[in-house]
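Structural characterization, general
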Amino acid sequence: MKEKIIEIKIKECAFLELDSEDRELVETAKRMALGSYAPYSKFHVGAAIRMENGEIVGGSNQENVAYPSGTCAERTAAYYASARYPGMPMRKIAIAAWTKLHGEEEKAASECFQRKPISPCGACRQALLEYESAYGPIEVILYGLDGVFIFPSVASLLPFCFTEF
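In this report, the structure presented in the accompanying data block is examined. Sequence positions are assigned chain by chain, starting from 1 and proceeding in written order. Local features in a predicted model are, by the rule used here, given only for residues with pLDDT of at least 70; side-chain atom pairs are given and counted only at 80 or more, and totals for whole chains, interfaces and linings are based on all residues. Water and hydrogen atoms play no part in the side-chain values, which are based on all heavy atoms of the structure.

Considerations on the overall build of the protein
Helix and strand assignments come from DSSP, with helices taken as H or I runs of at least 4 residues and strands as E runs of at least 2, each series counted from the N terminus. When you go through the protein residue by residue, the secondary structure sums to three helices and six strands. Ordered by position from N to C terminus, the α and β elements of the protein give β-α-β-β-α-β-α-β-β. Restricting the calculation to C-alpha atoms gives the radius of gyration, and the globule rule supplies 2.2 Å times the number of residues raised to the power 0.38. Taken against the 2.2 N^0.38 rule, which gives 15 Å for 165 residues, the C-alpha radius of gyration of the protein at 16 Å falls within 12% of a compact globule. Seen through its C-alpha atoms, the protein measures out along the principal axes to roughly 50 × 40 × 35 Å. Per-residue accessibility, obtained with a 1.4 Å probe over protein chains only, is compared with the maximum for each type, and a residue is labelled buried under 20%, exposed over 50%, and partly exposed between these values. Considering the protein as a whole, with its 165 residues, one finds that 44% of them fall into the buried category. Long-range pairs, those at least 24 residues apart, make up 63% of the contacts in the protein between residues at least 6 apart in sequence. Contacts are assigned to residue pairs with any non-hydrogen atoms lying within 4.5 Å of each other.

Shown next as structure tokens:
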């Protein structure tokens, strides 16, 4: 039996260390999170995708009392981007989330972003991976108040990914 080690190199920085285009992408993801529909989980997620032509497409999580009927911010943004710009590569995605914790009821939503970056769920990783497999790497920017993580690709979030269909 062999033991293998999987290493993923990521960048970690402060929001202000991002270049202006990446800050714009993160700010769009934050705006999308503020407009999400999450009356059940109270966990508001926004995503913003920069297309190869420079356009930004956003999405937010949309919940439904029949939980499987809702969708995550990342898939909302990716499906909208693909519908709006068919065949055009997605180059970057930024993701941000907020929730009001116990005792934060008086705070504005914009003050309640997660301290640590959140990562896409498995379904979103797989959906994004399909676009990446078709059109090339999609850089992933995960925003948190205490710092930002930058992954070189969706595949770097999903070791042993399923890409053979």
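Structural notes on the packing of aromatic side chains
Geometry of aromatic contacts follows a simple scheme: Phe, Tyr and Trp rings, the Trp one being its six-membered ring, pair when their centres are within 6.5 Å, and the pair is stacked under 30 degrees between planes, edge-to-face over 60, tilted otherwise. Counting across every chain of the model gives two aromatic pairs. Each ring, one from F15 and one from Y143, has its centre 5.9 Å from the other, and the planes form 85°; the classification is edge-to-face. Of the two residues, F15 is situated in the loop between β1 (11–13) and α1 (20–34) and Y143 in strand β5 (residues 139–144); the sequence distance between them amounts to 128 residues. Of the two residues, F15 and Y143, neither departs from the other in class, the shared state being buried. Seen in terms of ring centroids, F113 and Y143 are 6.1 Å apart; in terms of plane orientation they differ by 80°. Their pairing is edge-to-face. One end of the pair, F113, is in the loop between β4 (90–98) and α3 (122–135); the other, Y143, is in strand β5, with 30 residues separating them in the sequence. Each of the two residues, F113 as well as Y143, counts as buried.

Remarks on unusual backbone geometry
Unusually for a residue other than glycine, K42 sits at a positive phi of about 65°. By secondary structure assignment, the location of K42 is in the loop between α1 and β2 (44–51).

Some details on the side chain of S156
One can find S156 in the segment after β6 (147–151). A polar contact of 2.5 Å, which involves the side chain of S156, links it to the backbone oxygen of S153. With near-sequence residues (within four places) excluded, S156 lies in contact with I8 and F151. We define a polar contact as two N or O atoms separated by no more than 3.5 Å, with the added condition that, inside protein, one atom must be a possible hydrogen donor and the other a possible acceptor, whereas residues neighbouring each other in sequence contribute only through side-chain atom pairs.

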